[in-house]
Amino acid sequence: MPVIEFAGVRFAYGAVPVLDGVDLALGPGAFVVLAGANGSGKSTLLKLCVGLLRPQAGTVRLLGRDPRDPEVRRRVGYAPQGLHLATSLPVSVTEVVAAGLVPRRGPFGWSVRGDRELVRRALAAVALEELSAECLFELSGGQQQRAILARALVGDPEVLLLDEPTTGIDQQLRPQVAAELRRRADAGATVVVVSHDPDDFHDVCDRILVIDRGRVRQVTHAEFHLHVELGRPGPGGGVAT
Amino acid sequence: MSRLLADWVVRAYLAGAAVGLTAPVVGSFLVQRRLALIGDGMGHLAFAGVALGVVLGASPLWGALAVAAAGALFLEGLRSRGRLAGDVSLAIVFYVGIALGSVLLSGAGRFDASLLGVLFGSIFTTTWADVVEITGLCALVLAATVASYRGLLAVALDEETARASGLPVEPLNLLLLGLVALLVAAGMRVVGLLLVASLLVIPVAAGSRLAHSFRGALLAGAAAGLSSVLVGLVAAVWQGEIAPGGTVVLASSAIFAAASAVGRRAARRHPRRGLP
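Being a predicted model, the structure only gives us computed values, none of them experimental. (Residues numbered from 1 in each chain as written. Chains lettered and ligands numbered in written order. Predicted model: local features only at pLDDT ≥ 70, side-chain atom pairs only at ≥ 80, totals over all residues. Heavy atoms only, no water.)

Novice: Looking at this model, I keep getting lost on the overall build of chain B. Mind explaining?
Specialist: Of regular secondary structure, chain B possesses 12 helices and zero strands. Against the globule reference of 19 Å for 276 residues, chain B gives a C-alpha radius of gyration of 19 Å, in line with a compact fold. Counting only C-alpha atoms and orienting by the principal axes, one finds that chain B spans roughly 55 × 50 × 30 Å. Per-residue burial for chain B yields a buried fraction of 54% across its 276 residues. (Helix = DSSP H or I, 4+ residues; strand = E, 2+ residues; numbered from the N terminus. Rg over C-alpha atoms; globule rule 2.2 N^0.38 Å. Buried < 20%, exposed > 50% of the residue type's maximum accessible area, 1.4 Å probe, protein only.)

Novice: I tried to follow helix α10 (residues 196-208) of chain B on my own but got confused; where do I start?
Specialist: In terms of burial, α10 of chain B is largely enclosed, as 11 of its 13 residues are buried. Along α10 of chain B, the residues classified as buried are V196, A197, S198, L199, L200, I202, P203, V204, A206, G207 and S208 of chain B.

Novice: Would you mind showing me how to read the interface of chain B and chain A here?
Specialist: How big an interface is tends to be stated in terms of accessible area lost as the parts join. Across the boundary between the two partners, chain B contributes 36 residues, which contact 38 residues of chain A. Taking both partners together, chain B and chain A bury about 3,200 Å²; carbon and sulfur atoms supply 58% of that area. There are one salt bridge connecting chain B and chain A. Among the ionic pairs, R151 of chain A bridges to D158 of chain B, the shortest N-O distance being 2.9 Å. Scanning the region where chain B abuts chain A turns up 10 residue pairs in polar contact (both at pLDDT 80 or more). Mapped by element, the contributors of at least two residues to the side of chain B that touches chain A are α1 (7-32), α6 (128-147), α7 (149-157), α8 (159-164), α9 (169-191), α10 and α11 (214-239) of chain B. Here the side of chain B that touches chain A is composed, by residue class, of 17 nonpolar, 11 polar and eight charged. (Contact = heavy atoms within 4.5 Å. Buried area = accessible area lost by both parts, 1.4 Å probe. Salt bridge = Lys/Arg side-chain N within 4 Å of Asp/Glu carboxyl O. Polar contact = N/O pair within 3.5 Å; in protein donor to acceptor, adjacent residues only side chain to side chain. Nonpolar A, V, L, I, M, F, W, Y, C, P; charged D, E, K, R; others polar.)

Novice: What is the right way to read the pattern of salt bridges from this model?
Specialist: Between side chains of opposite charge, a pair can form when the charged atoms approach closely. Residue and element names in this part refer to chain A. Inspection of the entire model under this criterion finds 23 salt bridges over all chains. Note that E158 and R75 form a salt bridge whose closest N and O atoms lie 2.8 Å from each other. Residue E158 is found in the loop between α6 (141-153) and β6 (159-163), and its partner R75 is found in the loop between α2 (70-73) and β5 (76-79); the two are separated by 83 residues along the sequence. On the basis of relative accessibility, which here comes to 36%, the residue E158 falls in the partly exposed class. Residues R183 and E180 are paired through a salt bridge, measuring 2.9 Å at the closest nitrogen-oxygen approach. Of the two residues, R183 and E180 both sit in helix α7 (residues 174-186), three residues apart, roughly one turn of that helix. For R183, a relative accessible area of 46% translates into the label partly exposed. Taken together, the shared-partner salt bridges in this structure form one network comprising R121, D156, E180, R183 and R184.

Novice: Even after reading the chapter, I still don't get the pairing of strand β1 (residues 4-13) of chain A, so can you show me in this structure?
Specialist: A regular strand carries its side chains on alternate faces of the sheet. Residue and element names in this part refer to chain A. Strand direction decides the pairing type here: β1 and strand β2 (residues 16-26), joined by eight bridges, are antiparallel. Considered in β2, the bridge of F6 is made with L24. Counted along the chain from β1 to the antiparallel partner β2, the turn is two residues long, and its residue G14 has a positive phi close to 65°. Bridging between β1 and strand β4 (residues 57-62) involves five bridges; their strand directions are antiparallel. Across the sheet, residue I4 finds its bridge partner in β4, namely L62. (Pairing = 2+ DSSP bridges.)

Novice: In this structure, what is going on with the state of the cysteines? I would like to understand it.
Specialist: As used here, a disulfide is simply a covalent bond connecting the sulfur atoms of two cysteines. Residues and elements named next belong to chain A. Scanning all chains against the criterion turns up zero disulfides over all chains. Free of any disulfide, C49 has its nearest neighbouring cysteine sulfur in C205, separated by 16 Å. Among the residues examined, C49 registers a relative accessible area of 2% and is labelled buried. (Disulfide = S-S within 2.5 Å.)

Novice: Even after reading the chapter, I still don't get the environment of A99 of chain B, so can you show me in this structure?
Specialist: One can find A99 of chain B in helix α4 (residues 88-107). Remark: the alpha-carbon pair of A99 of chain B and L37 of chain B, spanning 62 residues in sequence, is separated by 18 Å.

Novice: Looking at this structure, how should I read a nonpolar patch on the surface?
Specialist: A contiguous nonpolar patch, built from V88, I92, V96 and L100 of chain B and spanning about 360 Å² of accessible area, is present on the exposed surface. Within the element layout of this structure, V88 of chain B appears in helix α4. (Patch = residues over 30% accessible without salt bridge, like charges linked within 9 Å, V, L, I, M, F, W, Y side chains within 5 Å. Areas by Shrake-Rupley, 256 points an atom, 1.4 Å probe, with all protein chains shown as cover.)

Novice: What is the right way to look at the sheet that holds strand β3 (residues 31-35) of chain A in this model?
Specialist: Through backbone hydrogen bonds, the strands of a sheet pair up, either in parallel or in antiparallel fashion. Residues and elements named next belong to chain A. Strands sit in the order β5-β6-β7-β3-β8-β9 across an open sheet of six strands; the sheet is mixed. Each having just a single partner strand, β5 and β9 (215-219) make up the two edges of the open sheet. The mean angle between the axes of side-by-side strands here comes to 20°, regardless of whether they run parallel or antiparallel. Of the strands in this sheet, β3, β6 and β7 (190-194) touch α7, which is tilted by about 130° from β3. (Axes fitted to C-alpha atoms, helices over the stretch in contact; angles between N-to-C directions.)

Novice: Looking at this structure, how should I read the packing of α1 of chain B against α11 of chain B?
Specialist: In helix packing, the relevant descriptors are the interaxial angle and the interaxial distance, both defined with respect to the helix axes. Residue and element names in this part refer to chain B. The contact between α1 and α11 brings their axes to 8 Å, and the two run at 150°. Crossing hand, α1 versus α11: right-handed. Contact with α1, carried on its side by V9, A12, Y13, G16, A17, G20, L21, P24, V25, S28, F29 and Q32, involves F214, L218, G221, A222, G225, L226, V229, L230, L233, V234 and V237 of α11 and no other residues of that element. Its residues placed into classes, the contact of α1 with α11 shows 17 nonpolar, six polar and no charged. (Left-handed = near helix turned anticlockwise from the far one by under 90°.)

Novice: What is the right way to look at the packing of aromatic side chains in this model?
Specialist: How two aromatic rings sit relative to each other is given by the distance of their centres and the angle of their planes. Residues and elements named next belong to chain B. What the rule picks out here adds up to six aromatic pairs over all chains. With centroids separated by 6.2 Å and ring planes inclined at 50°, the aromatic side chains of Y149 and F214 adopt a geometry described as tilted. Remark: F214 occurs in helix α11 and Y149 occurs in helix α7; sequence separation between them is 65 residues. One aromatic cluster is present, formed by F29, Y149 and F214 through successive ring pairs. (Phe/Tyr/Trp six-rings, centres within 6.5 Å; stacked < 30°, edge-to-face > 60°.)

Novice: Is there a simple way to explain the sheet that holds β4 of chain A in this structure?
Specialist: Residues and elements named next belong to chain A. Taken together, the three strands give an open sheet; going across it, the order is β2-β1-β4, and neighbouring strands pair in antiparallel fashion. Sheet topology places β2 and β4 at the edges, where each strand pairs with a single neighbour. When strand polarity is set aside, the average angle formed by the axes of neighbouring strands in this sheet is 25°. The strands that helix α1 (residues 42-49) touches are β1, β2 and β4; relative to β1, the one it contacts most, it runs at about 125°.

Novice: Sorry if this is basic, but what is going on with helix α5 (residues 115-125) of chain A here?
Specialist: An α-helical turn contains 3.6 residues, so a residue and the one three or four places further along point in the same direction. Among the residues of α5 of chain A, D115, L118, V119, A122, L123 and A125 of chain A are the ones counted as buried. Seen from one end, α5 of chain A has its buried residues packed into an arc of 160°, which puts them on one side. Tucked into the core, α5 of chain A has its buried residues touching α3 (93-98), α4 (102-105), α6 and α7 of chain A together with α7 of chain B. Just downstream of α5 of chain A lies A127 of chain A, where phi reads positive at about 55°. (Arc of directions from axis to C-beta.)

That's the geometry; what it means functionally is another story.
Structure (structure tokens):
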């Protein structure tokens, strides 16, 4: 059974079509990078995956069910694009990462034994352990981005949906992030990374998908760069399954 | 000195301390979400509730609570549809609350000096029954906030991710505004409906200048709120003529100024730990 399944999905913002008949099926352990130009529909596709948007035609299934089902959503690690956290009051890095465990414990649930270790491991995965007690908003943009990524990773979710997860992160740390995501996929997680530039992940991902004129096409790394240069995908296009 | 420990002052300390401690705890989540003015909106709506209580012969506190709770539902409806982003909708709610209250009270022939106590507080007239009512409401608010702390914080940090992760965002939002409604009703006697929202905001702002985590800011805010009420009440009793609601809010503002100065000094010593 596919973990993520799109069938004939259409979506438009007003009169502007973004996705037009998208078919996609990703199984357990798949690691794909979703690339493409600004406004091509990458983030929209991720939001459809997790039920934040609803398709105007076609169906989206996550772990075999409606993605708006809270039971399904609790098994997903999601990181939206950008530094989007509310910033009025100070928040420690640990508090941000621990918030990723709240859906599993329930809104009225308490921390359980082992939660502290889960947070520590998530922070270690993004090389942020030493800054765990710091106020998030006093850190650099790249460090904040790593904390948001750790929040998605904490508790080892079955599905990882990450929108531009390496934006702002130092070049030398990006391979560590990519290797961590590969490790998660090897352990059975389905990983979808949205990225302007798949160079950060091309050594570790299974496939690069490009959204082109509302359709999802699979391309090689070389074809992706051809796509960027010429504005359209090279051969190898087709329905991504 | 004996006046500072008189029976009516002790009742004021107890009721005021309960509100001063509880308001910043709830207010922390509002401030984090940039919804600080919602407390003001509910205070204004609660004025119409007080008037309704007077007209119907019911307790003003329960009238305030009923209308503030209805206002919580209405304001959350506006917020969730994105119509509370601008300040016009909230301003209209302010005006309608005050106007409705004044019309109801004047129509009932009760538009008199006792209104000043509703608008600016009348803590020195609290009875032991009032103290029980106010501390009971505050205990309920504190217990509910502690029980839902992690969920409220996750939503306050990032509503989109909380929703995508399966948290019941709308029920948690309603719970938060319901707690604010309870707090507004409980705080009405302490600082009045026009100033009650200040205790939801100013101590939290003070706490945020001293802490590096949300929990730290919340606890520092609660300490600042408690101190504000006690200092304000002592000042009002000591002087003998001035309104305690005003002294409480001015005390909280002074604590905020002091916390800002301390925070700036700490930031200069440790640049990394700068102001939030």
